[in-house]
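Below, each chain spelled out in residue letters.
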Amino acid sequence: MAMDTEVATDFEVVIGLEVHAQLLTKSKMFCTCSTDYANAAPNTHVCPVCMGMPGVLPVINQGAVAYTIMTALSLNCTIPEYSKFDRKNYPYPDLMKGYQISQYDIPLSKNGYLLIEYEGQARRIGITRVHLEEDTARLLHFDGYSLIDINRSGTPLMEIVSEPDIRSPEEARLYMQKLREILVYLGVSSGRMEEGSLRCDANISIRPRGQQKLGVKTEIKNMNSFRSVERALAYEAQRQVELLRAGIPIQQETRGWVETKGITVAQRSKEYAHDYRYFPEPDLPPLIINRAWVEGLRAQLPELPDARRARYMDEYGLSAQDANVLTEEKALGDYFEQVVAASQASDRWTRAKAAANLVINDVVRLLKANSISVEESPLPPAASANLLDLLARGRITGRQGKEVLEEAFASGKMPETVVQEKGIEPPISDQGALERIIEEVITNNAKVVSDYRAGKTNALQYLIGQVMKQTRGQAKADSVRTILITKLDETPPA
Ligand SMILES: [Zn+2]
């Protein structure tokens with residue numbers, strides 16, 4: 001989204017993001033309840049610990065600690081040898097214990113960075129910390145009353161806090177997208193903003209360009225998509241500029257993004273901000289983080305998007321644009337690599353180029369049209385590879401390939417089976433046979449031929465159509481066109 005150019009010239013926008021990601025552990029942060037509650041009836045994934053009953057004892061989920069450290073390592077953070085959990089005290093109906101177990105002064109990691117690319121330049125966004133806490137329950141509001149669903153309470157929640165290094169709403173979106181890619185590649189988060197498993201709060205202020213001191217910031221909440229992050233911040237930057245220009249001081253406050261109206265509205269001012277009275281969680285032991293364990297996690301980190309992108313360009317000879325598309329989703333890149341590995345035609349670069357075209361242009365289109373993910377594709381990589389081989393061997397034409405692909409996708413059958421079942425004949429490679437059919441078409445369509453000679457361009461298209469019909473689509477359209485034009489030019493007018 002283009003921002004008011006005046007914002008960009010007189011004022012500098014300063015943004016820091018706090019991103020919360022629910023972790024994909026099987027059980028909750030401090031109890032054995034399942035985190036797989038998305039389709040469960042309310043209050044069915046609960047126990048005395050996550051309901052906050054008095055006298056119960058939490059137990060730390062080691063998987064959640066491992067996921068947090070893997071994320072921190074991927075974001076170039078340092079991992080301390082000692083960490084601990086703290087109580088963050090505040091009263092709210094969705095907070096079962098009246099406090100949240102979080103991390104205050106000694107988080108699981110700090111001092112990292114994430115590289116993004118903005119307008120062709122690499123930009124380094126500092127990561128203050130990645131820490132671990134627990135999610136709250138969920139309130140459901142109805143007309144005149146509210147209900148509580150405790151299923152979400154105690155779900156492991158990782159918080160990734162950036163430095164105020166982001167300089168535009170667009171950069172904020174790029175940072176979120178890059179971060180999400182990494183979390184999904186690591187397999188620690190589903191990355192689904194629309195479902196609330198990945199959430200973003202933003203701190204934003206503006207200052208006259210060249211000024212060191214930061215302006216008064218507001219905190220923006222309720223942004224549920226990458227697009228709303230960018231829109232909300234663009235709106236808020238503009239609002240702050242207009243206030244300053246009018247000589248009205250900016251209030252430090254929390255504001256909510258109202259998607260339907262495209263505005264932010266004041267929620268609560270800092271005067272009423274809570275004093276969280278953090279203190280060390282007395283029910284949990286401090287964490288001594290074993291170096292060998294951390295190095296073991298580092299060794300198991302998967303290839304991350306940037307590395308994969310570079311490898312696709314280097315190993316497969318793909319363009320930067322194709323490599324970008326194929327690495328946005330880990331599963332799509334995995335699919336592409338399996339297609340290349342399974343196809344037999346010619347050399348690797350040719351195979352890779354053909355596979356990239358098929359996946360980016362056709363497979364993605366069919367998946368979108370059917371609203372399914374690549375993991376659920378009825379066309380396994382081996383089937384895509386089979387189609388590429390049929391095309392490379394000249395067994396089917398490009399036009400037949402499209403038809404075979406649609407059918408294989410719809411039926412889940414292998415393309416070669418589709419070719420057999422539909423009785424698709426091999427393309428006419430016999431030049432003589434094709435020439436005879438073309439001569440026949442010219443003889444039988446004297447009127448159209450004279451139209452063509454009179455300069456009617458539609459006439460040629462019609463004749464090509466007639467030849468394709470005679471050959472039942474088995475001829476290559478471009479050779480038909482070439483031969484037809486040659487014949488028309490050499491055949492004497494009747
Ligand atoms: Zn529980």
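Definitions and limits used
- Residues numbered from 1 in each chain as written.
- Predicted model: local features only at pLDDT ≥ 70, side-chain atom pairs only at ≥ 80, totals over all residues.
- Heavy atoms only, no water.
- Helix = DSSP H or I, 4+ residues; strand = E, 2+ residues; numbered from the N terminus.
- Rg over C-alpha atoms; globule rule 2.2 N^0.38 Å.
- Buried < 20%, exposed > 50% of the residue type's maximum accessible area, 1.4 Å probe, protein only.
- Contact = heavy atoms within 4.5 Å.
- Pairing = 2+ DSSP bridges.
- Donors = N, O, S within 2.8 Å, 3.2 Å for Na, K, Ca; no water.
- Expected span 1.5 Å × (residues − 1).
- Salt bridge = Lys/Arg side-chain N within 4 Å of Asp/Glu carboxyl O.
- Core = buried A, V, L, I, M, F, W, Y, C linked by side-chain atoms within 4.5 Å.
- Arc of directions from axis to C-beta.
- Patch = residues over 30% accessible without salt bridge, like charges linked within 9 Å, V, L, I, M, F, W, Y side chains within 5 Å.
- Areas by Shrake-Rupley, 256 points an atom, 1.4 Å probe, with all protein chains shown as cover.
- Phe/Tyr/Trp six-rings, centres within 6.5 Å; stacked < 30°, edge-to-face > 60°.
- Lys NZ or Arg CZ within 6 Å of the ring centre and 35° of its normal.

Draft legend 1. Focus on the overall build of the chain. Counting its secondary structure elements, the chain contains 16 helices and 15 strands. Over its C-alpha atoms the chain spans a radius of gyration of 30 Å, topping by over 25% the 23 Å that the globule rule assigns to 494 residues. Here the C-alpha coordinates of the chain stretch approximately 100 × 55 × 50 Å along the principal axes. A buried classification covers 47% of the 494 residues belonging to the chain. Intrachain contacts of the chain at a sequence separation of at least 6 include 69% that bridge at least 24 residues.

Draft legend 2. Representation of the sheet that holds strand β4 (residues 99-102) within the structure. With antiparallel pairing, the three strands of this open sheet are ordered in space as β4-β3-β14. In the strand order of this sheet, the two ends are held by β4 and β14 (279-280), each with one partner. Relative to β4, strand β3 (residues 86-89) is paired through four bridges, and the arrangement is antiparallel. The residue of β4 that forms the bridge with Asn89 is Tyr99.

Draft legend 3. Quick look at the coordination of the zinc ion. Ligation of the zinc ion by protein atoms is provided by Cys31 (SG), Cys33 (SG), Cys47 (SG) and Cys50 (SG), these donors lying 2.3 to 2.4 Å from the ion. Positions of the donor residues of the zinc ion, expressed as sequence spacing, correspond to C-x1-C-x13-C-x2-C. For the pair Cys31 and Cys33, one class covers both residues: buried.

Draft legend 4. Fine view of the side chain of Asp135. Its location among the elements puts Asp135 in the loop between β6 (121-134) and β7 (138-141). Note on Asp135: relative accessible area 5%, which makes it buried.

Draft legend 5. Representation of helix α4 (residues 226-245). Helix length check: α4, at 20 residues, gives a terminal C-alpha distance of 29 Å against a target of 28 Å (1.5 Å per residue), a fit within 8%. Summarising burial for α4: 14 of the 20 residues are buried, a large majority.

Draft legend 6. Broad picture of the side chain of Glu181. Secondary-structure assignment places Glu181 in helix α3 (residues 169-186). Among residues more than four places away in sequence, those in contact with Glu181 are Pro305, Arg309, Thr327 and Glu328.

Draft legend 7. Region of interest: the pattern of salt bridges. Applying the stated criterion to the full structure yields 42 salt bridges. Note that Glu236 is salt-bridged to Arg255, the shortest N-O span being 3.4 Å. With a gap of 19 residues between them, Glu236 in helix α4 and Arg255 in strand β12 (residues 253-258) connect regions that are remote in the sequence. Each member of the pair, Glu236 as well as Arg255, carries the same accessibility label: buried. Asp362 is paired through a salt bridge with Arg365; the nearest N and O atoms lie 3.3 Å apart. Taken as a pair, Asp362 and Arg365 lie in helix α9 (residues 348-369) at a separation of three residues, close to a single helical turn. Overall, the relative accessible area of 10% leaves Asp362 in the buried class. Several salt bridges converge on common partners, so that one network encompasses Glu303, Arg308, Arg311, Glu315, Lys330, Asp334 and Glu337.

Draft legend 8. View of the environment of Ala137. As for its placement among the helices and strands, Ala137 is situated in the loop between β6 and β7. For the pair Ala137 and Pro93, spaced 44 residues apart in sequence, the C-alpha separation works out to 8.5 Å. Those residues in contact with Ala137 that lie beyond four places of it in its chain are Asp94, Met96, Ile148, Asp149, Ile150, Arg152 and Ser153.

Draft legend 9. Expanded view of the nonpolar core. The biggest cluster of nonpolar side chains holds 65 residues, and the ones touching the most others in it are Leu17, Ile69, Leu75, Ile160, Tyr175 and Met176. Those residues in contact with Ile160, other than ones at most four positions away along the chain, are Leu17, Glu18, Val19, Thr71, Leu75, Ile127, Arg129, Val130, Tyr175, Leu179 and Leu183. Core analysis: the next-biggest nonpolar cluster, separate from the first, contains 35 residues, Phe336, Leu358, Val359 and Ala408 among them.

Draft legend 10. Looking closely at unusual backbone geometry. Look at Asn222: it is not a glycine, yet its phi comes out positive at around 70°. Looking at the secondary structure, you find Asn222 in strand β11 (residues 218-223). A residue is classified by how much of its surface remains accessible, and Asn222, at 41% relative accessible area, is partly exposed. Phi at Ser371 is positive, roughly 50°, even though this residue is not glycine.

Draft legend 11. Examining helix α13 (residues 431-444) more closely. Between its first and last C-alpha, α13 extends 20 Å over 14 residues, near the 20 Å set by a 1.5 Å rise per residue. Every buried residue of α13 is accounted for by Leu434, Ile437, Ile438, Val441 and Ile442. Down the axis, α13 shows its buried residues gathered within 140° of arc, on one side only. Along α13, exposed side chains directed more than 90 degrees from the buried face belong to Arg436, Thr443 and Asn444. Packed against the buried residues of α13 are α14 (446-453), α15 (457-470) and α16 (477-490).

Draft legend 12. Looking closely at a nonpolar patch on the surface. The grouping of Phe142, Tyr145 and Leu147 at the surface amounts to a nonpolar patch, some 310 Å² of accessible area in total. Structurally, Phe142 is set in the loop between β7 and β8 (146-149).

Draft legend 13. Structural detail: the environment of Met29. Structurally, Met29 is set in the loop between β1 (11-22) and α2 (62-74). Since its relative accessible area comes to 0%, Met29 is described here as buried. Separated by 232 residues in sequence, Met29 and Lys261 have C-alpha atoms that sit 37 Å apart.

Draft legend 14. Representation of the packing of aromatic side chains in the model. Counting across every chain of the model gives eight aromatic pairs. Judged by centre distance (5.9 Å) and plane angle (70°), the rings of Tyr90 and Tyr276 are edge-to-face. Placement of Tyr90 in the loop between β3 and β4 and of Tyr276 in the loop between β13 (263-269) and β14 is noted, with a sequence separation of 186 residues between them. Residue classification places Tyr90 among the buried positions, given a relative accessible area of 17%. Ring geometry for Tyr312 and Tyr316: centres 5.5 Å apart, planes at 70°, overall edge-to-face. The buried category is assigned to Tyr316, whose relative accessible area is 6%. Put simply, the rings of Tyr90, Tyr104, Tyr276 and Tyr278 pair up and form one aromatic cluster. In this structure, Lys88 packs its charged tip against the face of Tyr276, placed 4.5 Å from the ring centre.

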